[in-house]
Amino acid sequence: MPQTHNRLLTKSRFKLALDCPTKLYYTRKPEYENQQVGDTFLEALAQGGFQVEELARLHFPQGIAILGEDYNYEALAARTHKLLQQEEVVIFEAAFLHDGYFIRTDILVKKGKQIQLIEVKAKSVSSRGHNGFSVTGGWSAYLYDVAFQQYVIAQAHPDFQITPYLYLADKDAVATVDGLHQHFQLVSDTDLRTGVQVTPGLQITDLGASILAKIPVAEELQQIFTTNPSFEGMTFAETLAFFKKHYAEDIKLHTPIGKHCKGCEFYTEKPTATHRSGFHECWQEQLQLRVGEINKPKVYDVWNFRASKKLMEAGTFFMHQLTDADLKVKPEAGKISSTERKALQVEKTLAQDPEPYFEREGLRDAFAQFSWPLNCIDFETTAVAIPFVKGMHPYEQLVFQFSHHIIDEDGSVTHHTEYINTRIGAFPNFEFVRALKTALETNTGSIFRYHNHENTILNVIYNQLKTSDEPDREALMQFIQEISHSTRTAVDNWTGARDMIDLYKLVTDYYYDLQLGGSNSIKAVLPAVLNSSAYLRVKYSQPLERINVSSLNFAPQHRFIQEDEAGTVVSPYKNLPPLFDHWDAEQLDAAVTNIEGISDGGAALTAYGKLQFEAVTPEERREIENGLLRYCELDTLAMVMILEYFREVIKPLNR
């Protein structure tokens, strides 16, 4: 690859600069290579971006794709220029090289001098309710991306009249055919490069009504060109020139450190000569501190601390710099208030105090309200851009699995019920809620969930039932109302007599442990609980058959607690077999953190997505389904363990 190519400001490099300009420097250096690069095939399987782009292209059957020679920028631009000599042409991956800038467009439609510049994204929009995008909000990166493309095309062809669009999944549209996704099979090669194999001979008429919306963004781009809100003090053209110069001449841009550093992809815990830490170098250069001082707990690590961004912008970077005025502690009787929890985290972190903190009286009062036996439930869901089933909207929730544990008052634990439906082309939501109804009607005890997801999903199914012709829809809707409460946007309002109790709230209201750091996810709470509770360590170090705990997926001889060389309990999640080669549940969750509508459960979402393709062998299908069953069972068993821990903690107060 000629060196000149490596000095261009490309579309992908501009995206890096939008996120953090310093990345332009680090991406040129192999010693700063991001060590967390994953399997793009599995990420694409979960995110759907490649598939949406291929779906969009089918709306332009006359389109010509410029493929191959990925890094021969002059050749790609020359091929594009030749096609543009035609009076009318549609080009996929049109390439433009001008004055040190290089871009490729998703779809470009030319009619005379009129150009439609179409950028395809898997993100969704409500076409009926759309009233413009904010150029400073969550859409900023997408809009700046299109602005860069329009700028380069306009510079290369000033005679063109360009109209820019975003082509997006339309939340108001409905799939009118089953198996839409089957026409866009994801394929990967040995280098983990991912592409889409479209069904040969596929026509747009085979796909039913469109689920995409073409949204004009000319007004938003004009605002960027005139005010450039993300880079105050420079015009848009000056910003591009600034990035181009620094990239071409290998000059580091010093992005001010702040909250955005938390997810730095160039962080290396133990830097070496070949794997250096860009994170530490940035902080050292700007703060003149040693590495040991930089490693001290940060302000952005404090749980749910919305003031962290402003504080860091003002020069407060570390927990030890925080004052009472910064934390603004406001106590609440009988529980740990949100501000008290932040202060607890800071206090225990700075003191390295391993003693768990409890509001025992409040926790005891909470337990007194529970009805035995206790039911713990967890759902696994997916929400994809291209629906698997006819009648569904893009990103509409589909729920395919639950696990259900029961804790009796005598302490016995039963993995009572589970449900899974991974059949290709099946719409499982109504069958799912029937199975859940049957499971939970076996007793009248309290029902526990972890956080809001299960309640949200039941509201989704409730609304789906309202417009369905299911013969038992009234009974199912009544059941949903009994065990849940309506969301803020719901038309119907209710709070059920057995409204699920949020175990997450019990954790945040009554318990804090140094091991949690700034996370209260169940995957953080479980190992903290297991390491703090002598009772649980003794119990779950033994085989299941000896401790009055039943399982539907683990052998009677299975032990959930294993310790590392230091005697620390290893999270049971880490001991689950990988769902895919070299990918455990934790890695899959991290890979899909930013998917629309998904906050957790990336492993299950990805596995289900793979099972919806017909190419999966029966053997692989069985293995993935077994992995899903173990994964979901552990989620509800984790809830059981947390409740057992809390019950043990408050026992002395009951004597």
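See above for the structure.
Residues numbered from 1 in each chain as written. Predicted model: local features only at pLDDT ≥ 70, side-chain atom pairs only at ≥ 80, totals over all residues. Heavy atoms only, no water.

**Some points on unusual backbone geometry**
Line of reasoning, step 1. With an omega of -5 degrees, the peptide bond running from Trp372 to Pro373 counts as cis.
Line of reasoning, step 2. Here Pro373 is to be found in the loop between helix H15 (360-368) and strand S13 (374-382).
Line of reasoning, step 3. Of note, Asp250 is a non-glycine position whose phi angle comes to about 60 degrees, a positive value.
Line of reasoning, step 4. Positionally, Asp250 belongs in the loop between helix H9 (236-248) and helix H10 (278-287).
Line of reasoning, step 5. Accessibility expressed as a relative area gives 27% for Asp250, which makes it partly exposed.
Line of reasoning, step 6. With phi around 55 degrees, Gln288 is a residue other than glycine that occupies positive phi space.
Line of reasoning, step 7. Inspection of the secondary structure puts Gln288 in the loop between H10 and helix H11 (291-294).
Line of reasoning, step 8. Judged by relative accessible area, which is 64%, Gln288 ranks as exposed. (Helix = DSSP H or I, 4+ residues; strand = E, 2+ residues; numbered from the N terminus. Buried < 20%, exposed > 50% of the residue type's maximum accessible area, 1.4 Å probe, protein only.)

**Brief notes about the environment of Ala333**
Line of reasoning, step 1. Residue placement: Ala333 occurs in the loop between helix H13 (324-327) and helix H14 (338-351).
Line of reasoning, step 2. Residue class for Ala333 comes out exposed when judged on its relative accessible area of 81%.

**Some thoughts on the pattern of salt bridges**
Line of reasoning, step 1. Inspection of every chain in the model, using the stated rule, returns 36 salt bridges.
Line of reasoning, step 2. Close ionic contact of Lys113 with Asp159 constitutes a salt bridge, the shortest N to O distance being 2.7 Å. One end of the pair, Lys113, is in the loop between strand S6 (107-111) and strand S7 (114-125); the other, Asp159, is in the loop between helix H7 (140-156) and strand S8 (161-170), and 46 residues separate them in sequence.
Line of reasoning, step 3. Asp159 gets classed as partly exposed once you look at its relative accessible area, which sits at 39%.
Line of reasoning, step 4. Here Asp145 ties to Lys121 by a salt bridge, and the two come within 3.6 Å at their closest N and O atoms. One end of the pair, Asp145, is in helix H7; the other, Lys121, is in strand S7, with 24 residues separating them in the sequence. The residues Asp145 and Lys121 share a single accessibility class, namely buried. (Salt bridge = Lys/Arg side-chain N within 4 Å of Asp/Glu carboxyl O.)

**Focus on the environment of Glu54**
Line of reasoning, step 1. The topology assignment puts Glu54 in helix H5 (residues 49-57).
Line of reasoning, step 2. It is 7.4 Å that separates the C-alpha atoms of Glu54 and Val196, two residues lying 142 residues apart in sequence.

**Side note on the sheet that holds strand S2 (residues 64-65)**
Line of reasoning, step 1. Taken in spatial order, the 6 strands make up an open sheet running S2-S3-S6-S7-S8-S11, and their pairing is mixed. Two strands in the sheet have a free side with no partner beyond their single neighbour: S2 and strand S11 (212-216). (Pairing = 2+ DSSP bridges.)

**Digging into H7**
Line of reasoning, step 1. For H7, built from 17 residues, the straight-helix expectation of 24 Å at 1.5 Å per residue is met to within 8% by its first-to-last C-alpha distance of 24 Å.
Line of reasoning, step 2. With 12 of 17 residues buried, H7 lies mostly within the body of the structure.
Line of reasoning, step 3. Here H7 has its buried residues at Ser140, Leu143, Tyr144, Asp145, Val146, Ala147, Phe148, Gln149, Gln150, Tyr151, Val152 and Ile153. (Expected span 1.5 Å × (residues − 1).)

**Thoughts on the state of the cysteines**
Line of reasoning, step 1. Inspection of the entire model under this criterion finds 0 disulfides.
Line of reasoning, step 2. Cysteine Cys282 is unpaired, with the sulfur of Cys20 as its nearest cysteine sulfur at 6.4 Å.
Line of reasoning, step 3. Free cysteine Cys632: the closest other cysteine sulfur is in Cys376, separated by 12 Å. (Disulfide = S-S within 2.5 Å.)

**A short note on the nonpolar core**
Line of reasoning, step 1. Of all hydrophobic cores here, the largest spans 66 residues; its most connected members are Tyr450, Leu506, Tyr511, Tyr540, Ile642, Leu643 and Phe646.
Line of reasoning, step 2. Considering every element that reaches this core, the biggest residue donor is helix H24 (residues 618-654), with 15 residues.
Line of reasoning, step 3. Those residues in contact with Tyr511, other than ones at most four positions away along the chain, are Ile336, Arg341, Pro356, Tyr357, Phe358, Leu506, Leu516, Val525, Ala528, Val529, Tyr645 and Phe646.
Line of reasoning, step 4. In terms of nonpolar packing, the next biggest core, distinct from the first, is built from 48 residues, Leu9, Val217, Ile224 and Leu253 among them. (Core = buried A, V, L, I, M, F, W, Y, C linked by side-chain atoms within 4.5 Å. Contact = heavy atoms within 4.5 Å.)

**Observations concerning the packing of helix H17 (residues 453-466) against helix H18 (residues 473-483)**
Line of reasoning, step 1. For the pair H17 and H18, the least separation of the axes is 10 Å and the interaxial angle reads 155 degrees. As far as their axial angle goes, H18 and H17 are roughly antiparallel. Every pair of crossing elements has a handedness; the one defined by H17 and H18 is left-handed. Here Leu458, Ile461, Tyr462, Leu465 and Lys466 of H17 come into contact with H18, specifically with Arg473, Leu476, Met477, Ile480, Gln481 and Ile483.
Line of reasoning, step 2. Tallied by class, residues from the contact of H17 with H18 come to 8 nonpolar, 1 polar and 2 charged. (Axes fitted to C-alpha atoms, helices over the stretch in contact; angles between N-to-C directions. Parallel < 35°, antiparallel > 145°, perpendicular 65-115°, else oblique. Left-handed = near helix turned anticlockwise from the far one by under 90°. Nonpolar A, V, L, I, M, F, W, Y, C, P; charged D, E, K, R; others polar.)

**Focus: the packing of aromatic side chains**
Line of reasoning, step 1. Throughout the structure, instances matching the rule amount to 41 aromatic pairs.
Line of reasoning, step 2. Where Tyr511 meets Tyr645, the ring centres are 5.9 Å apart and the plane angle is 85 degrees; that geometry is what we call edge-to-face. Of this pair, Tyr511 sits in strand S18 (residues 511-512) while Tyr645 is found in helix H24, placing the two residues 134 residues apart along the sequence. Grouping residues by exposure puts Tyr511 and Tyr645 together as buried.
Line of reasoning, step 3. Between the aromatic rings of Tyr645 and Phe646, the centroid separation amounts to 6.1 Å while the plane-to-plane angle is 35 degrees, which identifies the pairing as tilted. Each member of the pair, Tyr645 together with Phe646, is buried. (Phe/Tyr/Trp six-rings, centres within 6.5 Å; stacked < 30°, edge-to-face > 60°.)

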